[in-house]
Amino acid sequence: MRKIKFQHIILASIFLTLFCVCLIAGNLKWPFFTLSILFLALYILMDRKFLRCPSGFINLVRLLFAKTHTYHCSHCEKIVEIDK
C-alpha cells in the first residue's frame, strides 16, 4: 500500500469542516449552499485521489487514528502508512 501524506488528511478535514459551516450558514443566506457544494466536491476529489487504499475505502477518522497507531486496512490487510 502506498503512503498517505498527513497534509492530505488535514486538508480533507478542513474541507469537511468548511462544508459543515457553509451548510449551517446556508440556512441564513442561500449562497452559502453553493459554497458547501464546492467544499464537498473538493473533499470527494481529494478522497478519491489521495486518501484511498487501492482495493477500497478508508474512513477519514481511521486515517487520523493511523497517524499515531498501527492500523490495518480492512480490505487488503496491509498496514496503513502515514507519511509526514
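Starting from 1, residues in each chain are numbered consecutively following that chain's sequence as written. For a predicted model such as this one, the threshold for reporting local features is a pLDDT of at least 70, and the threshold for listing and counting side-chain atom pairs is 80 or more; totals across whole chains, interfaces and linings nevertheless cover every residue. Values shown for side chains rest on all heavy atoms present in the structure; no hydrogens or waters enter the calculation.

### Let's talk about the environment of Phe39
Our working definition: Runs of H or I in DSSP of at least four residues are treated as helices and runs of E of at least two as strands, each being numbered from the N terminus. Burial here depends on accessible area, computed with a 1.4 Å probe over protein chains only, as a share of the maximum for the residue type. Under 20% is buried, over 50% is exposed, and the range in between is partly exposed. The contact criterion used throughout is that any non-hydrogen atoms of two residues lie within 4.5 Å.
Looking at the element boundaries, Phe39 is found in helix α2 (residues 31-50). Taking relative accessible area as the criterion, Phe39 reaches 15% and is therefore assigned buried. Look past the residues within four positions of Phe39 in its chain and what remains in contact with it is Phe15, Leu18, Phe19 and Cys22.

### Structural notes on α2
Residues three or four positions apart in an α-helix share a direction because the helix packs 3.6 residues into each turn. Convention followed: Helix span is expected to be 1.5 Å times the residue number reduced by one. Throughout, the arc means the angular range of directions from the helix axis out to the C-beta atoms.
With 20 residues, α2 extends 29 Å from end C-alpha to end C-alpha; this agrees with the ideal 28 Å at 1.5 Å per step. Among all positions in α2, only Ser36, Phe39, Tyr43, Met46 and Asp47 are buried. Viewed end-on, α2 has its buried residues packed into an arc of 100 degrees, placing them on one side of the element. Of the exposed residues in α2, those oriented more than 90 degrees away from the buried face are Ile37, Leu45, Arg48 and Lys49. Packing partners of the buried residues in α2 comprise α1 (6-25), β2 (52-53), β3 (56-57) and α3 (60-66).

### Regarding the packing of α1 against α2
Spelled out, the test is: In this analysis an axis means a line fitted to C-alpha atoms, helices contributing only their contacting stretch, and an angle means the value between N-to-C directions, from 0 to 180 degrees. We call two directions roughly parallel when the angle between them is under 35 degrees, roughly antiparallel when it is over 145, roughly perpendicular when it lies between 65 and 115, and oblique otherwise. Crossing chirality is assigned from the near helix's rotation relative to the far helix, an anticlockwise turn below a right angle marking it left-handed and a clockwise turn marking it right-handed.
Contact geometry for α1 and α2: axes closest at 8 Å, N-to-C directions at 160 degrees. The angle between α1 and α2 falls in the class roughly antiparallel. Crossing of α1 over α2 shows left-handed handedness. Counting all contacts with α1, which are made through His8, Leu11, Ala12, Phe15, Leu16, Leu18, Phe19, Cys22, Leu23 and Ala25, the residues of α2 involved are Phe32, Phe33, Leu35, Ser36, Phe39, Leu40, Leu42, Tyr43, Met46 and Phe50.

### Focus on the environment of Glu81
With respect to the helices and strands, Glu81 occurs in the loop between α3 and β4 (82-83). By relative accessible area, which is 35% here, Glu81 ends up partly exposed. Each C-alpha atom of the pair Glu81 and Thr70 lies 8.4 Å from the other, and the pair is eleven residues apart in sequence. What Glu81 contacts, discounting residues up to four positions off in sequence, is Arg2, Lys3 and Ile4.

### Overview of the nonpolar core
Keep this limit in mind: The set of buried Ala, Val, Leu, Ile, Met, Phe, Trp, Tyr and Cys residues whose side-chain atoms join them within 4.5 Å is what this entry labels a nonpolar core.
Within the largest apolar cluster, 19 residues are counted, with the highest numbers of intra-cluster contacts made by Ile4, Ile9, Leu51, Ile58, Leu63, Val80 and Ile82. When contributions to this core are tallied by element, the ones reaching two or more residues are α1, α2 and α3. A per-element tally of this core places α1 first, with five residues. Residue contacts for Ile82: discarding those within four places in its chain leaves Ile4, Phe6, Ile9, Leu63, Ala66 and Lys67.

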